[in-house]
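In case you want the letters, here they are:
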Amino acid sequence: MTGRLVFAGPSLGAVQPPAGTTRPDDESSGAGAPGTGAGALRADATSAEAPAVKRGRLLIIDDEVVFSGSLRRLFSNEHDVTVVNRGRDAIARLRAGERFDAILCDLLMPEVTGAELYTELRQIAPDQADCMIFLTGGAFSDSSQRFLDGIANRWFEKPCNLDLLRAAVREVVVRNG
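Residues numbered from 1 in each chain as written. Predicted model: local features only at pLDDT ≥ 70, side-chain atom pairs only at ≥ 80, totals over all residues. Heavy atoms only, no water.

Trainee: Could you give an account of the side chain of Ser68, with specific residues and numbers?
Mentor: By the element assignment, Ser68 lies in helix α1 (residues 65–75). At a separation of 3.0 Å, a polar atom in the side chain of Ser68 contacts the side chain of Asn85. Those residues in contact with Ser68 that lie beyond four places of it in its chain are Ile60, Asp62, Val83 and Asn85. (Helix = DSSP H or I, 4+ residues; strand = E, 2+ residues; numbered from the N terminus. Polar contact = N/O pair within 3.5 Å; in protein donor to acceptor, adjacent residues only side chain to side chain. Contact = heavy atoms within 4.5 Å.)

Now the structure itself:
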């Protein structure tokens, strides 16, 4: 069994829980394969269970306007959602002192990537870097894979299971809110 999750249900792929959890795919998967890595969930894992819903402030950073709009609609009933379509805009807001309980961030964006944004936030607002959840389209470089393998933050491969994504956001909001 691999760590890759496949769903026929509500879907926006693969999910990465925090580093240090069990890796069911350690021995059988190739290094750097999307959907594998530190703590990949098994297909039979029951991780969709989440803490009680708490309304939080959610920042969505994605250069795909249609996708970020879909995420806004998905989360706006549960959270106060802010969407920006450029990493630089997100950095400017965070430098100005704006704070969020959870941040959904695309990994590959023009100008400022999700990895670069994370590195900047580690310097200016480490608590905000800790509440980031990354989204990736799956076609990424070895350096992107090394970045994801080297952080404790969760990440999801697009398309992803919406229930698991909601659960991950709820968990981060409860932890940081």
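From this point, the narrative continues.
Trainee: Report on the pattern of salt bridges, specifying residues and quantitative values.
Mentor: On inspection of all chains with the given rule, the structure shows 13 salt bridges. Arg170 is paired through a salt bridge with Glu78; the nearest N and O atoms lie 2.7 Å apart. On the criterion of sequence distance, the pair formed by Arg170 in helix α6 (residues 162–176) and Glu78 in the loop between α1 and β3 (80–84) is long-range, its members being 92 residues apart. Each member of the pair Arg170 and Glu78 is classed as buried. Between Glu98 and Arg93 there is a salt bridge, and its shortest N-O distance comes to 2.9 Å. (Salt bridge = Lys/Arg side-chain N within 4 Å of Asp/Glu carboxyl O. Buried < 20%, exposed > 50% of the residue type's maximum accessible area, 1.4 Å probe, protein only.)

Trainee: Give a description of helix α5 (residues 142–149) that names residues and reports values.
Mentor: Buried within α5 we find Ser144, Gln145, Phe147 and Leu148. One face of α5 carries all of its buried residues, which in axial projection span an arc of 155°. Exposed and oriented more than 90 degrees from the buried face of α5 are Asp142 and Arg146. Of the surrounding elements, those touching the buried residues of α5 are α3 (114–124), β5 (132–136) and β6 (155–157). (Arc of directions from axis to C-beta.)

Trainee: Tell me about the packing of aromatic side chains, residues and numbers included.
Mentor: Under the definition given, this model contains three aromatic pairs. Ring geometry for Tyr118 versus Phe134: centroids 6.1 Å apart, planes at 65°, classification edge-to-face. With Tyr118 in helix α3 and Phe134 in strand β5, this residue pair connects regions lying 16 residues apart in the sequence. An angle of 75° between the planes, with centres 5.4 Å apart, marks the rings of Tyr118 and Phe147 as edge-to-face. Here Tyr118, found in helix α3, pairs with Phe147, found in helix α5; they are 29 residues apart in sequence, far enough to count as distant. Owing to a relative accessible area of 14%, Phe147 belongs among the buried residues under this scheme. Cluster of aromatic residues (ring-pair linked, three or more members): Tyr118, Phe134 and Phe147. Note that Arg57 overlies the ring of Phe100, its terminal NZ or CZ placed 4.6 Å from the centroid. Note that Lys158 overlies the ring of Phe67, its terminal NZ or CZ placed 4.4 Å from the centroid. (Phe/Tyr/Trp six-rings, centres within 6.5 Å; stacked < 30°, edge-to-face > 60°. Lys NZ or Arg CZ within 6 Å of the ring centre and 35° of its normal.)

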